[in-house]
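# Secondary and tertiary structure notes
Listed below, chain by chain, are the residues.
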Amino acid sequence: MTDATKQPLFGATVRLRAWSDSTSQIAIITDTAGVAQLSLRSDIPYELNITALGKKTITQGIRLTNALSTFRFTLEAEAKTLPSITVTTRKILMQQEDDKTIINPELIANSSTNAFELLTKTPGLFLDQDGNVYLTSAVPATIYINGREQRMSAEDVATLLRSLPSNSIERIEIMRTPSARYNASNAGGAVNIILKKGIKLGRTGSVTTTMNQGRLGNQSIGFSLNDGTGKRTTYLNLNYNRRNSYDLLISSRQLPGKQTIRQQAYNRSPGEAFFAGYGLNYQLNRHWDINLDGRTNYGFTNPIATNSTQIRTAESGQLLIDNFNNVQNKGRNGSLTQGLSSRYKLDSLGSEITTDFSYSYLSNHTNQDYQTEYKIPTALPSKGEGTFLTGRHLATAKLDWIQKLRHKLTLEAGLQTSNQWFSSKTNYLTVLQKARQPDLSRTNIFDYTDGIHSGYLQAAKTFGKFTVKTGLRIEHTHMKGHQRVPTDTTFQVRRTDFFPYLYLSQPVVSIANFPVQASFIYRRSITRPGYDQLNPAIRYIDQYLYDTGNPALQPQFTQNVEVNLNVANLPILVIGQNHTQQIFSSVLYQNPAHTNIAYRTTDNIGQNRETYFRMLLGIPPGGRYFFVVISQYNHNQYAGQYEGQPLTFSRGSWTLLSYHQLDLDSRSTLQVNGFWSIHGQRQFYELGNFGTVDMSINRKFLTSRLLITLSLSDMFYTNRNTFVLNQGNILAEGSRRGDTRRVGFSVRYNLGLKKQREESVNPFSFDGLNQSK
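Residues numbered from 1 in each chain as written. Predicted model: local features only at pLDDT ≥ 70, side-chain atom pairs only at ≥ 80, totals over all residues. Heavy atoms only, no water.

### Things to note about the overall build of the protein chain
Helices and strands together make up the secondary structure of the protein chain, namely 4 helices and 49 strands. In terms of overall size, the protein chain behaves like a compact globule, its C-alpha atoms giving a radius of gyration of 28 Å where 773 residues would be expected to give roughly 28 Å. Its C-alpha atoms give the protein chain principal-axis dimensions of about 90 × 50 × 45 Å. Across the protein chain, every contact between residues at least 6 apart in sequence was considered, and the portion connecting residues at least 24 apart equals 65%. (Helix = DSSP H or I, 4+ residues; strand = E, 2+ residues; numbered from the N terminus. Rg over C-alpha atoms; globule rule 2.2 N^0.38 Å. Contact = heavy atoms within 4.5 Å.)

### Thoughts on a nonpolar patch on the surface
Taken together, the side chains of Y282, L284, W288, I290, Y344, L346, I353, L399 and L415 define a hydrophobic patch exposed on the protein surface, amounting to about 730 Å² of accessible area. Within the element layout of this structure, L346 appears in the loop between β25 (319-345) and β26 (352-376). For L346, a relative accessible area of 32% gives the class partly exposed. (Patch = residues over 30% accessible without salt bridge, like charges linked within 9 Å, V, L, I, M, F, W, Y side chains within 5 Å. Areas by Shrake-Rupley, 256 points an atom, 1.4 Å probe, with all protein chains shown as cover. Salt bridge = Lys/Arg side-chain N within 4 Å of Asp/Glu carboxyl O. Buried < 20%, exposed > 50% of the residue type's maximum accessible area, 1.4 Å probe, protein only.)

### Digging into the packing of aromatic side chains
Per the counting criterion, the structure on display carries 23 aromatic pairs. Relative to F274, the ring of Y240 has its centre 4.9 Å away and its plane inclined at 40 degrees; by these criteria the two rings are tilted. Here Y240, found in strand β19 (residues 232-243), pairs with F274, found in strand β22 (residues 271-283); they are 34 residues apart in sequence, far enough to count as distant. What makes Y240 partly exposed here is its relative accessible area of 25%. With relative accessibility at 40%, the residue F274 sits in the partly exposed group. Here a set of aromatic residues connected by ring pairs shows up, and it is made of Y546, Y589, Y599, Y638, Y642, F649 and F684. The lysine or arginine in question, R162, covers the ring of F116, its NZ or CZ lying 4.1 Å from the ring centre. Cation over ring: R539 sits above F388, and NZ or CZ is 4.2 Å from the ring centre. (Phe/Tyr/Trp six-rings, centres within 6.5 Å; stacked < 30°, edge-to-face > 60°. Lys NZ or Arg CZ within 6 Å of the ring centre and 35° of its normal.)

### Section: the side chain of S179
The residue S179 is located in the loop between β15 (169-175) and β16 (190-195) in this model. Residue class for S179 comes out buried when judged on its relative accessible area of 5%. Polar side-chain contacts of S179 include one of 3.4 Å to the side chain of Q458. Excluding anything up to four places from it in sequence, S179 contacts D99, Q458 and Y501. (Polar contact = N/O pair within 3.5 Å; in protein donor to acceptor, adjacent residues only side chain to side chain.)

### A short note on the sheet that holds strand β13 (residues 142-145)
The strands making up a sheet are joined through hydrogen bonds of the backbone, oriented either antiparallel or parallel. If you walk across this open sheet you meet the 6 strands as β9-β10-β15-β16-β13-β14, and the pairing is mixed. One side of each edge strand has no neighbouring strand; the edge strands of this open sheet are β9 (94-97) and β14 (148-149). As defined by bridge partners, β13 adjoins β16 across 4 bridges and the pair is classed as parallel. From the neighbouring strand, I145 faces β16, where its bridge partner is I193. (Pairing = 2+ DSSP bridges.)

### So, the environment of T477
You can see T477 is positioned in strand β31 (residues 466-485). For T477, a relative accessible area of 2% corresponds to the buried category. C-alpha separation for the pair T477 and S418, spaced 59 residues apart in sequence, amounts to 9.8 Å. Leave out the neighbours within four places in its chain, and T477 touches G451, I452, V493, R494, R495 and R528. Of the polar contacts made by the side chain of T477, one reaches the side chain of R528; its length is 3.2 Å.

And the structure:
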């Protein structure tokens, strides 16, 4: 299905009603290629109705002439001027397309100040308090933006998402089991965030302002402008946001000599960021178009952490040590991303060649001041200061080819090279009576480079109702790290790995005229340690705890087997298993030289076998009321070594996720979403039960130009957890909570500046509606 400018129509609603049964109706939404697939009977006629925003409705009768019938349609633009267009279609929140779930985040974005908040409200996603995104597995998902893997640490990704305005996102693609087309570093699945680009609706724009308030407040204001006329489209997004939140961590840990250390850490994280996104798309001819896009952001952070520490005897509770620590960081961070891509359409079936070149730069400059006051025993305060400088360059180039052949055969192939350069310089000083002395134990200079060069082949074929897709990806990795200070050490890794992929699918039964599709998936993936996990630089937390990387980390490999059932293109039942070797995990070790001090690092601890079960229930999207409830069970079994001692660890956990959307009338929508984690787990931390319930309501005014949203996050303030860590020489427990209960208010005004001039263009054929018996 295409529009008058030969572009495939995404999100058009296709409805079919059997003339012999006026109460039976089937509805589906076209995917990004403008394709909708349905299973129909060939012995009866149907009434077809196709609607799309800003397009003339098509209504006609059809009848299948054979078992496999293909129909092509072109939707013309409405003749009305832009201000008088009446929207009669509802945007669908989620739908399944091939191996990915498509999320339309528009309604969720109205109650979010940035992309990070938006992801926390997205159905099917779970975010922990450190910014990791989880799908089915206990392994975090890989984050893509516009199809490009970010290859950042979880902290850097979270910083980037918090600077990204929520209304700049067009859609979110969730891939639980990515095929060989995608990078092999996706053991936990992948989340691809597609940013808005120019669309051919003439000259339009919007102004959005958002705020939410807990104990501390977040505010943002943004402006977007789109100019889509003729063969050229351009866009510009500008945003400023200011945020502030807190985190309270209370913990206790057993020490040698029958002593216990108890700490209460309060962290406040104010910051502000400026964002600009821009792009140009130009259609050279009906086959070939090019796209230039970029984004840049610059921000300031000023986190402050206070920590009170007491050490007591375990038996009598006698207070041995009492002190107070204060850490203040002042940081500046910036990033720049520039991309150039092109697409050449080989035919009308969907065959194409795409190229993509991208470059990104990320920098961070942080100054740290810390001071410890000693109450028991009394002593002079200890002071120190540090400076952290990091810089990262990432250059990627890739080429993808898709060929659609007769007899439902699709061939795919591609090449990619990705090269990264990272540098880190940490300089610490101790301050004693205003005299500054170098702290050589914490001063560090570290350089790291890597290159990942890959290629893949993949084929898909349908035999009647049975579909098979298989592929093989080859990746060559070259990693090199060089620590210059405090000691001169070097590590280097060269390896070539193979990653097979197999997908089998077959319809099994029908439920209420919806076919139930059964699928089997096998794939192999890799998780490489990031630059932050390899960097041996010490990061001061307090006088009893610090963070450090591990240059000896090895990559982990995961084999995944999954069976699932899909109804109405939604995965209602999933059963699978991950077997991971050389698994690395965040660990907490005691410093052998100073047993009162612990350090957090990452280490290879052995192997893990994870079994998961996921069930989805709901009403298919498209009507006035839509809901989805997801129940997921994960059981992890570890075997290996922890701090030189044998490790056996087994734990099962449940996660419940739910999303509800109700159209109160043609202009008002109510949303309720939330999650609940039971007997949870993060690496070797055993978590208590916790979760959240969020609610928002929005209403349109001024012929849908003005949208006002009210929201309430973590209504019952249940998004706080307790934890226990009992591994090796470490026995610790505690609780954690943050500034999660918030009231929000958002206003967006759409500017209809100039309507695109209609052109008379012959349609360029695309598969519009595939129907099979």
